[in-house]
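# Working through the structure, step by step
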Amino acid sequence: MITLYTWSTPNGRKVSIALEELALPYEVHPVDITRDEQHRPDFLKLNPNNKIPVLVDTDGPEGQPITLIESGAILLYLAGKTGKLLPNDLRMRLEAIQWLMFQMGSVGPMLGQAHHFLRFAPELIPYAIERYSKEALRIYGVLNTRLKGREWLAGDQYSMADIATFPWIARHDWQGIDLKRFPDVQRWYTTIEARPAVQRGMAVPR
């Protein structure tokens with residue numbers, strides 16, 4: 001049985017979307033980060049980095065339980081467990097992993113900083129707002145270039161790279177981004193948004 005410790009953030013939602021796309025049964029354990037529940041001792045036993053998501057699978061490798069932190073690692077684990085959502089062809093698989101790493105290293109961290117300084121910082125810091133707003137625009141430009149003439153981020157298959165990136169783009173308004181400026185990102189986003197599994201995953205936790 002899979003248990004997902006999560007909250008309604010992009011990093012949490014990428015895992016719930018993957019679980020829904022893979023039709024894997026799972027239980028949801030909400031961790032309300034607005035109440036600092038991620039700092040509770042019982043949660044820290046699962047993740048000493050006190051962040052969601054955490055995935056616990058009682059039927060892990062060789063039938064033994066496994067606990068995983070870090071959303072990118074969780075997505076790679078689920079793809080390996082099921083043989084789905086990453087291409088079988090090695091070259092195409094590496095392409096998908098490369099864009100998954102782009103999400104982990106650039107999309108998430110930089111857009112997350114834009115979220116913070118535009119919406120949550122206790123005071124407006126013009127330098128930080130300008131820095132991360134410019135970086136958000138740059139990242140959207142990279143994605144738009146990548147998606148020009150392509151349906152998906154990697155190869156000809158919907159993959160974990162798309163799943164990981166989508167929840168961050170779903171908060172484009174938080175980042176002060178008008179998707180009309182990036183038509184290929186907008187097309188990609190609209191296509192993924194319409195998927196029933198994505199809609200279910202974005203509603204976790206309820």
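Read on for an overview of the structure. These figures come from a predicted structure and were not determined experimentally. Residues take numbers from 1 onward in each chain, read along the sequence in its written order. A pLDDT threshold of at least 70 governs which residues receive local features in this predicted model, and a stricter bar of 80 or more applies before side-chain atom pairs are shown or counted, although totals over entire chains, interfaces and linings include all residues. For the side-chain quantities, the full set of heavy atoms in the structure was used; hydrogens and water were omitted.

## Observations concerning the pattern of salt bridges
Selection rule: Each reported salt bridge corresponds to a side-chain nitrogen of Lys or Arg within 4 Å of a carboxyl oxygen of Asp or Glu. For the purposes of this entry, the term helix denotes a DSSP run of H or I that reaches at least four residues, the term strand denotes a run of E that reaches at least two, and both are numbered from the N terminus.
Taken as a whole and assessed by the stated rule, the structure comprises ten salt bridges. Here Arg195 ties to Glu21 by a salt bridge, and the two come within 2.8 Å at their closest N and O atoms. Taken together, the residues span a long stretch of sequence, with Arg195 in the loop between α7 (183-193) and α8 (196-202) and Glu21 in helix α1 (residues 10-21) at a distance of 174 residues. Linked through salt bridges whose partners overlap, the residues forming this network are Lys148, Asp184 and Arg187.

## Side note on the nonpolar core
As a reminder of what qualifies: Only buried residues count toward a nonpolar core. Its members are Ala, Val, Leu, Ile, Met, Phe, Trp, Tyr and Cys residues joined through side-chain atoms within 4.5 Å. Here's how the labels work: a residue is buried when its accessible area is under 20% of the maximum for its type, exposed when over 50%, partly exposed in between, all with a 1.4 Å probe on protein chains only. Contacts are assigned to residue pairs with any non-hydrogen atoms lying within 4.5 Å of each other.
Core analysis: the biggest nonpolar cluster contains 51 residues, and Leu78, Met160 and Trp188 have the highest contact counts within it. Apart from the residues within four sequence positions on either side, Met160 is in contact with Ala18, Leu22, Leu75, Leu78, Ala79, Leu85, Leu86 and Leu100.

## Regarding the packing of aromatic side chains
Applicable threshold: To pair, rings of Phe, Tyr and Trp, with the six-membered ring standing in for Trp, must have centres within 6.5 Å; the planes then decide the type, stacked if under 30 degrees apart, edge-to-face if over 60, and tilted in the middle. Only when the NZ of Lys or the CZ of Arg is both within 6 Å of the ring centre and within 35 degrees of the ring normal is a charge said to sit over the ring.
Counted according to the given criterion, the structure contains seven aromatic pairs. Between Phe166 and Tyr189, the aromatic rings sit 5.0 Å apart at their centres with planes inclined by 15°, giving stacked as the arrangement. Of this pair, Phe166 sits in helix α6 (residues 160-169) while Tyr189 sits in helix α7; the two residues are 23 residues apart in sequence, bridging distant segments of the chain. Take Phe166 and Tyr189: they sit in the same class, and that class is buried. A cation sits over an aromatic face here: Arg171 above Trp174, 4.2 Å from the ring centre. Sitting over the ring of Tyr158, Arg195 keeps its end group 3.8 Å from the ring centre.

## Let's talk about the environment of Pro205
Inspection of the secondary structure puts Pro205 in the segment after α8. Between the C-alpha atom of Pro205 and that of Gln64, which follows or precedes it by 141 residues, the distance is 26 Å. If sequence neighbours within four positions are ignored, Pro205 has contacts with Thr6, Trp7, Ser8, Val28 and Pro30.

## What about the layout of surface pockets?
Threshold: Of the grid points, spaced at 1 Å and generated over the protein atoms alone, those admitting a 1.4 Å probe that cannot get out make up cavities, while open sets with protein on both sides within 12 Å along at least five of seven lines make up pockets; any residue with an atom within 4 Å of a point is treated as lining. Grid points are joined across faces, edges and corners, and a volume is the space filled by probe spheres set on the points. Classification convention: Asp, Glu, Lys, Arg as charged; Ala, Val, Leu, Ile, Met, Phe, Trp, Tyr, Cys, Pro as nonpolar; all other residues, Gly among them, as polar.
Reported here for the largest pocket is a volume of approximately 970 Å³. For the largest pocket, the lining is made up of 31 residues, of which Thr9, Asn11, Ile33, Lys51 and Trp168 are closest to its centre. Looking at the lining of the largest pocket, the elements with two or more residues in it are α1 and α4 (90-120). Of the residues forming the lining of the largest pocket, the biggest block, nine residues, is contributed by α4. Split by residue class, the lining of the largest pocket holds ten nonpolar, 16 polar and five charged.

## A look at the sheet that holds strand β2 (residues 26-30)
What counts here: For two strands to be treated as a pair, DSSP must find no fewer than two bridges joining them. To obtain an axis, a line is fitted to C-alpha atoms, over the contacting stretch when the element is a helix, and the angle between two such axes runs from 0 to 180 degrees between their N-to-C directions.
Strand order in this open sheet of four strands is β2-β1-β3-β4, and the pairing throughout is mixed. The outermost strands of the open sheet, each flanked by one partner alone, are β2 and β4 (66-69). The mean angle between the axes of side-by-side strands here comes to 15°, regardless of whether they run parallel or antiparallel. Alignment of strand β3 (residues 54-57) against β4, held across four bridges, turns out to be antiparallel.

## Thoughts on unusual backbone geometry
Ile52 connects to Pro53 through a cis peptide bond whose omega is 0°. Mapped onto the elements, Pro53 comes out in the loop between α2 (41-46) and β3. Following Val204, the chain continues into Pro205 via a peptide bond in cis, with omega recorded as -5°. A positive phi angle, close to 55°, is found at Glu62, a residue other than glycine. Summarising the element assignment, Glu62 is placed in the loop between β3 and β4. We classify Glu62 as exposed; its relative accessible area is 80%. In the Ramachandran plot, Glu70 falls in the positive-phi region, its phi being about 75° despite a non-glycine side chain. A relative accessible area of 42% means that Glu70 is categorised as partly exposed.

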